[in-house]
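Listed below are the residues making up each chain.
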Amino acid sequence: MNPQSSTDLSHETAVHGHDDHHEEHHHDPPFWRKYVFSTDHKVIGIQYGITALLFLALGFFLMMVMRWSIAYPGRPVPFISHLPWFRVWLENGMVTGDLYNMFGAMHGTIMIFLGIVPLAFGAFGNYVTPLQIGAPDMAFPRLNMASYWSYLLGGVLMFASFFLPSGAAKAGWTNYSPLATTTDLSFGSLFWTGQTQWLLAMVFLISSSLLGAVNFITTIINLRCKGMTWMRMPFFVWAMLVTGFLLLLAFPPLEVAAIMQLMDRMAGTSFFVPSGLFVNGQFFNAAGGGSPLLYQHLFWFLGHPEVYVLILPAIAIVGEIIPNNTRKPLWGYKTMVYAVMVLGFLSFLVWAHHMYITGMGAGVSTFFQTVTVLISVPSVILITSILISMWGGSIRFNTPMLFATAFIPMFGIGGLTGLPLAFSMIDLHLHDTYYVIAHFHYVVAPGTLFGLFAGIYFWFPKQTGRRMSELLGHLHFWPSLLFMNGIFAPMFIQGMAGFHRRASDGGAAYERIAGQEFLEAGSFLSKIFKNGEAITMIDLNIVASVSAWCLAIAQVPFIINFFWSMTKGKKVNSNNPWDATTLEWSCPTPPPHGNFLKEPVAYRGPYEYSVPGAERDFTPQFEPDPESPQAPAEEELEVKGGH
C-alpha cells in the first residue's frame, strides 16, 4: 500500500472520524494490542524510552563495579560480593581480569547501542517527530513496531549472555578480530558463548536501527502537513532526518562485519583471521588469509558517524529548548540546518583517525587529519548559533533550560579535547589512554545525556499532562553537573601522563605513574581522599570513582520525580504549557490516536518568538495571522508527498 494513502486515511480518522465499528477497531483495542504490540508512534516512543533508561541503569552499574576495581584493587567489592551470580566471577570477592574485561566490553555496548541511541533516536524521535511535522503517525506503523521488538530482542540476547557459562563478551565494545574470533574456544559449543551472542544481538540491534531509519526518512519527506515546507521544519526534525541517513548508510557495514565475524567463529571462514595465528601457544587451525584491519575499517566506518547519531538528537533538543526559554528565535536557523548536513556528510570521511596506530602512510594520515579538523567547523557553527540565541534573551532557568545550557560547555570540552587526537603524532601518545576515555565521555555523558535529560523534562507535560517537580529537578541537575566533571576531568591529567585505559588494577603496576605527585599534602582534595597526604596520579582514580558513586545517588531525585510526577505532578492548564511555537503543542495533552483533532497547518516558521508588533511574545506555527486568517497560498502549501 502507498504509505501516503494509508496516512491520509489516518488523517481522515483523526479529523472526521468513522463509523462505530471502525472507531472501536482503531481507538479501543485490548490492552496488549494498545500498549504492548502497539503501532502508535507515541506508545512505541515511550517503550523505547523506558527500555533504554533501564539499559542505561544496567550499563551504569557495570561502570560502578569497574570503578571499584580501579580505585581499590585487591579489595572485595561491597554489597554484591555475596550474591550467587557474582561469586562465580569474583575471586575472594575481588574483581578478576576476566570480569573487568567482560564489564568493560558490555558497558560500552549497552550504553551506546542499547541506551543512548534508542533513547535519543528511538524514543524522542518516535514521539516528537510526527507531532512536529503534523503527521498522524509514522509512514510505516507496523515497521515501527518491528523496529522496537527487534531492538528488544537484541537487548534480551545481550543481557542473557551474562548468565552463560562463558559469561558475556570480553573482547572490548569494539570486538576487534582476531581476539574476538578466538575467544572462548575452550567451551564445547561456540554458539552458546557470550562472544557469539554479542554478534547475534548486534545483528538484531542494527536491523532495528535500519528499519527505524527508513521509517523516519520516509515520514519526514512524505507526511509533512500543509504549509510545512522544508525551511519551516523545526531544527529537531532536520536533525532526525540527517540522523536517519547516518543510520541508514553507516550501520550496514557493521552488520556485515558482525555476520562475517560470526562466520569466522562458527563456520571456519577467515574473513578477519590472518595466516599463521597462534592461540594459547598452539597453531590456530583456520584457512587464514583474512585481514584484521578490514574489521577495524568496517567498525570505524560505523563508529564515527555513530558519534553524531549520539550527539545530533541532543543538539536538536537543546535547539528547541533554548529559543523557548530565551523567548528569542533560534539564531542562524538556516545556517544550522546546512551545518548539520555538512556534519553528516563529513562524518563518513574521518573514520580512520581511530586507526593511526595501525601504521597508515603519511599521505592517508594527512587526509584524515585534515578532514577531522574540518569537521569541527560545522560543530562550532551549531554551538555558536545556540550561544548567540541566548544573547540578550529573557532567560527562564527552569529544569530543561538548566540541562540545555550545561550541555553547551560540556559538549564544548568534549569537542575541543578531541582536536589533539586528530593529529597522528599526538594520537600515538594518547591512544588507548584515559585521555581518550575523558574526551569521548564528555561528548556522550555530560554532553548527550544532559541534552536527553533536558528533553525528558521539556516534553514530559505533553506526554502526561503533568509537570515534573522543579525542586527535584534542581536536586538532580546540580549534583549531576558536579560529579560528571569529578569523574572525567581527572582522566585528562592521567591520560597525558600515559595512564592506560584497560588496566583493571587502576594502573597500580605503573610505578612511575603511581609515584607522580599531582597535589601536595594539605590541599582540599588531599584532605578528603588521602587524609592530608599528597595525591598521586593513581589516587585520582579514587576521586573519579567516588564521583561516579555520588553521580548514581544524584539520579535518585530524577527517578522519584519521573514516576511520582506521572500521577502526582502539577497538572498543566493548557496544551501549550511552555508557550512554545511548534506544532506538537497544538494537539491535545496527551495526544490521542491520530494526534490532531483537526488537520494541522503550518502558517510560518518554527521559532517566531518576540515578533515586533505581536500581542504575545510567541506566535505559534499553527495559529493563522489574525489579520488574514485564511490558509497559506497554494504555492506555500505544496510539499512533496503532502496534501
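Keep in mind it's a predicted model, so treat the numbers as computed, not measured.

Caption draft 1: Quick peek at helix α6 (residues 97–133). Between the first and last C-alpha of α6 there are 51 Å, a value that for 37 residues agrees with the 54 Å anticipated at 1.5 Å per step. Of all the bends found along α6, the most pronounced is centred on P118 and spans about 50 degrees. For α6, the tally of buried residues reaches 33 of 37 residues, placing the bulk of the element in the interior. G134 lies just past α6 and shows a positive phi near 75 degrees.

Caption draft 2: Expanded view of the packing of α6 against helix α8 (residues 194–222). It is at 11 Å that the axes of α6 and α8 come closest, and there the two elements cross at 20 degrees. The angle between α6 and α8 falls in the class roughly parallel. Relative to α8, α6 is oriented so that their crossing is left-handed. Contact residues: M106, T109, F113, L114, F121, G125, N126, T129 and I133 in α6; W198, M202, L205, G212, A213, F216, T219 and I220 in α8. Its residues assigned to classes, the contact of α6 with α8 shows eleven nonpolar, six polar and no charged.

Caption draft 3: Structural detail: unusual backbone geometry. For the bond running from S177 to P178, omega is 5 degrees, close enough to zero to count as cis. With an omega of -10 degrees, the peptide bond between T589 and P590 qualifies as cis. Looking at where P590 falls in the secondary structure, it is placed in the loop between α21 (556–568) and α22 (634–637). In this model, N280 sits at a positive phi of 55 degrees, which is unusual for a non-glycine residue. Relative to the helices and strands, N280 resides in the loop between β1 (278–279) and β2 (282–283). Given a relative accessible area of 77%, N280 falls into the exposed group. Positive phi, normally seen in glycine, also occurs at D579, with a value near 55 degrees. Looking at the element boundaries, D579 is found in the loop between α21 and α22. The partly exposed category is assigned to D579, whose relative accessible area is 30%.

Caption draft 4: Geometry of the nonpolar core. In terms of nonpolar packing, the biggest core is built from 182 residues, with F103, M106, F113, F235, L254, F407 and F450 touching the most fellow members. It is α6 that contributes the most residues to this core, 21 residues altogether. When neighbours within four sequence positions are excluded, F113 is seen to be in contact with P118, Y151, W173, M202, L205, F251, L254, L302 and E306.

Caption draft 5: Representation of the packing of α6 against helix α7 (residues 141–160). Packing of α6 against α7 brings their axes to within 12 Å, and their N-to-C directions diverge by 165 degrees. The angle between α6 and α7 places the two elements in the roughly antiparallel class. You can see that α6 and α7 cross each other, and the crossing is left-handed. Contacts between α6 and α7 involve M106, T109, F113, L114, P118 and N126 from the first element and N144, Y151, G155 and M158 from the second.

Caption draft 6: Structural detail: the pattern of salt bridges. Taken as a whole, this structure holds six salt bridges when the rule is applied. A salt bridge links D617 to R327, with the nearest nitrogen and oxygen atoms 3.0 Å apart. Taken together, the residues span a long stretch of sequence, with D617 in the loop between α21 and α22 and R327 in the loop between α10 (292–326) and α11 (333–346) at a distance of 290 residues. Judged by its relative accessible area of 6%, R327 falls in the buried class. Note that D432 is salt-bridged to R501, the shortest N-O span being 3.3 Å.

Caption draft 7: Structural context of the confidence of the model for the protein. Of all residues in the protein, 93% have pLDDT values of 70 or greater, and the mean over the chain is 90. When mean pLDDT is taken per element in the protein, α11 scores highest with 97 and helix α1 (residues 3–15) scores lowest with 41. Scored below 50 in pLDDT, residues 1–26 makes 35 contacts in the model with residues more than four places away or belonging to other chains.

Caption draft 8: Structural view of empty space enclosed by the protein. One pass over the full model with this rule turns up two cavities of 30 Å³ or more. Roughly 160 Å³ of volume is contained in the largest cavity. Lining the largest cavity we find 16 residues, and of these Y48, V117, P118, S208 and S209 sit closest to its centre. Looking at the lining of the largest cavity, the elements with two or more residues in it are α6, α7 and α8. At six residues, α6 tops the list of elements feeding residues into the lining of the largest cavity. Together, 13 residues line the second largest cavity, and E320, F458, A580, T582 and Y609 are the ones closest to its centre.

Caption draft 9: The environment of K334, seen in detail. Looking at the element boundaries, K334 is found in helix α11. It is 55 Å that separates the C-alpha atoms of K334 and A286, two residues lying 48 residues apart in sequence.

Caption draft 10: Representation of the packing of aromatic side chains. This structure, assessed with the given rule, holds 52 aromatic pairs. Judged by centre distance (5.0 Å) and plane angle (70 degrees), the ring pair of F453 and F558 falls under edge-to-face. Placement of the pair is F453 in helix α16 (residues 434–464) and F558 in helix α21, with a sequence separation of 105 residues. Grouping residues by exposure puts F453 and F558 together as buried. Three or more aromatic residues link up through ring pairs in this structure, and these residues are F403, F450, F453, Y457, F460, F477, W478, F558, F562 and F563. The cationic tip of R224 hangs over the ring face of W230; the distance from NZ or CZ to the ring centre is 4.0 Å. A cation over an aromatic ring shows up here: R467 above the ring of W578, its NZ or CZ 4.7 Å from the ring centre.

Caption draft 11: Representation of a nonpolar patch on the surface in the model. Side chains of F31, W32, Y35 and F37 sit close together on the surface and give an oily, nonpolar patch of about 480 Å² of accessible area. Mapped onto the fold, F31 is located in helix α3 (residues 31–36).

Caption draft 12: Summary view of the side chain of R466. Inspection of the secondary structure puts R466 in the loop between α16 and α17 (470–496). Residues contacting R466, with those up to four places away along its chain left out, are F460, P461, S565, M566, T567, K568, G569, K570, K571 and V572.

Caption draft 13: Geometry of α8. Counted at 1.5 Å a residue, the expected span for α8 with its 29 residues is 42 Å, and the 42 Å between its end C-alpha atoms agrees. Counting buried positions along α8 gives 22 out of 29 residues, so the element sits mostly inside the fold.

Conventions adopted
- Sequence order sets the numbering: in each chain, residues are counted from 1 along the sequence as written.
- Local features are withheld for residues below a pLDDT of 70 in this predicted model, meaning they are given only at 70 or higher, and side-chain atom pairs are given and counted only at 80 or more; totals for whole chains, interfaces and linings count all residues.
- In computing side-chain values, all of the structure's heavy atoms are included and hydrogens and water are not.
- Per the convention used, a helix needs a DSSP run of H or I reaching at least four residues, while a strand needs a run of E reaching at least two, with both numbered from the N terminus.
- One fewer than the residue count of a helix, multiplied by 1.5 Å, yields its expected span.
- By definition, a residue's bend is the angle between the axes fitted to the seven residues ending there and the seven starting there.
- Only protein chains enter the calculation, and the probe is 1.4 Å; a residue is then buried if its accessible area is under 20% of its type maximum, exposed if over 50%, and partly exposed in between.
- Axis definition: a line fitted to C-alpha atoms, limited for helices to the stretch in contact. Angles are taken between N-to-C directions and run from 0 to 180 degrees.
- Throughout this description, any angle smaller than 35 degrees is read as roughly parallel, any larger than 145 degrees as roughly antiparallel, any in the 65 to 115 degree range as roughly perpendicular, and the remainder as oblique.
- The hand of a helix crossing depends on one turn: near helix anticlockwise from the far one by less than a right angle means left-handed, and clockwise means right-handed.
- Residue contacts are defined here by distance: any two heavy atoms, one from each residue, within 4.5 Å place the two residues in contact.
- When residues are sorted by character, Ala, Val, Leu, Ile, Met, Phe, Trp, Tyr, Cys and Pro go into the nonpolar class, Asp, Glu, Lys and Arg into the charged class, and all the rest, Gly among them, into the polar class.
- Buried Ala, Val, Leu, Ile, Met, Phe, Trp, Tyr and Cys residues that are joined via side-chain atoms within 4.5 Å together make up what is termed a nonpolar core.
- Salt bridges are defined by distance alone: a side-chain nitrogen of Lys or Arg within 4 Å of a carboxyl oxygen of Asp or Glu.
- Note: pLDDT gives the predictor's confidence per residue, expressed from 0 to 100.
- Both cavities and pockets are sets of points on a 1 Å grid over the protein atoms alone; in a cavity a 1.4 Å probe fits but cannot get out, in a pocket the set is open with protein on both sides within 12 Å along at least five of seven lines, and lining residues sit with an atom within 4 Å of a point.
- Grid points are joined across faces, edges and corners, and a volume is the space filled by probe spheres set on the points.
- In summary, the pairing rule links any two rings of Phe, Tyr or Trp, Trp by its six-membered ring, whose centres are within 6.5 Å, and it sorts them by plane angle into stacked for under 30 degrees, edge-to-face for over 60 and tilted for everything else.
- Either the NZ atom of lysine or the CZ atom of arginine qualifies as a charge over a ring when it sits within 6 Å of the ring centre and within 35 degrees of the ring normal.
- To count toward a patch, a residue needs a relative accessible area above 30% and no salt bridge. Like charges then connect within 9 Å, nonpolar side chains (Val, Leu, Ile, Met, Phe, Trp, Tyr) within 5 Å.
- Here the accessible surface of atoms and residues is derived via Shrake-Rupley with a 1.4 Å probe, and residues count as covered only by protein chains that are part of the display.

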